[in-house]
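Inside the fold
This is what each chain is made of:
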Amino acid sequence: QVQLVESGGGLVQAGGSLRLSCAASGRTFSTYAMGWFRQAPGKEREFVAAISASGGDTYYPDSVKGRFTISRDNAKNTVYLEMSSLKPEDTAVYYCAARTGSLYGLRIAARIEHWGQGTLVTVSS
């Protein structure tokens, strides 16, 4: 069992940057592909980024590619999401996600095995 706790959300102006962190409990963190989703009010949960268990591979949708960077530190049981050039449309609750197997399976919310509680990111114009 893995428990995920996000932090780092807050209010930022458009064009600014923010780094989210997700701390995981348990000894098996390094066996999970990790990722981030976001959900804006009235919208479905959207895939944002994924990283393989080793950290060697990453995957992003076009909507954030070049602006967001996912990374992980398996020694600290933590995954990060660096967000830059933020836009008002990036405003959402951001959720950390974990799944065994390929990082590409993380694109589908229904395949996620563990979720964090979410952290709110608000981008003002």
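The notes below deal with the structure included here. It should be emphasised that the depicted structure is a prediction, and the values quoted were computed from it without experimental measurement.

Describing the side chain of threonine 78
- For threonine 78, the location among the structural elements is in strand β8 (residues 78-83).
- Relative accessible area serves as the criterion here: at 10%, threonine 78 is assigned to the buried category.
- Polar contacts involving the side chain of threonine 78 include one to the main-chain carbonyl oxygen of lysine 76, which spans 2.8 Å.

Description of the environment of aspartate 90
- Of note, aspartate 90 is situated in the loop between β8 and β9 (92-100).
- Among all residues touching aspartate 90, those that are not within four sequence positions of it are Arg38, Arg67, Phe68, Ser85, Val121 and Val123.
- A polar contact of 2.8 Å, which involves the side chain of aspartate 90, links it to the side chain of arginine 38.

Some remarks on the packing of aromatic side chains
- Scanning all chains against the criterion turns up five aromatic pairs.
- Consider the rings of phenylalanine 37 and phenylalanine 47, whose centres lie 5.7 Å apart with planes at 70°: the pair is edge-to-face. Separated by 10 residues along the polypeptide, phenylalanine 37 in strand β4 (residues 32-39) and phenylalanine 47 in strand β5 (residues 46-51) bring together distant segments of the chain.
- On the basis of relative accessibility, which here comes to 1%, the residue phenylalanine 37 falls in the buried class.
- In this structure phenylalanine 47 comes out as buried when scored by relative accessible area, which is 10%.
- Connected via pairs of aromatic rings, a cluster forms that spans Phe37, Phe47, Tyr59, Tyr95, Tyr104 and Trp115.

Rules of the game
- Residues numbered from 1 in each chain as written.
- Predicted model: local features only at pLDDT ≥ 70, side-chain atom pairs only at ≥ 80, totals over all residues.
- Heavy atoms only, no water.
- Helix = DSSP H or I, 4+ residues; strand = E, 2+ residues; numbered from the N terminus.
- Buried < 20%, exposed > 50% of the residue type's maximum accessible area, 1.4 Å probe, protein only.
- Polar contact = N/O pair within 3.5 Å; in protein donor to acceptor, adjacent residues only side chain to side chain.
- Contact = heavy atoms within 4.5 Å.
- Phe/Tyr/Trp six-rings, centres within 6.5 Å; stacked < 30°, edge-to-face > 60°.

Interpretation note: all reported values are geometric properties and have no functional meaning in isolation.
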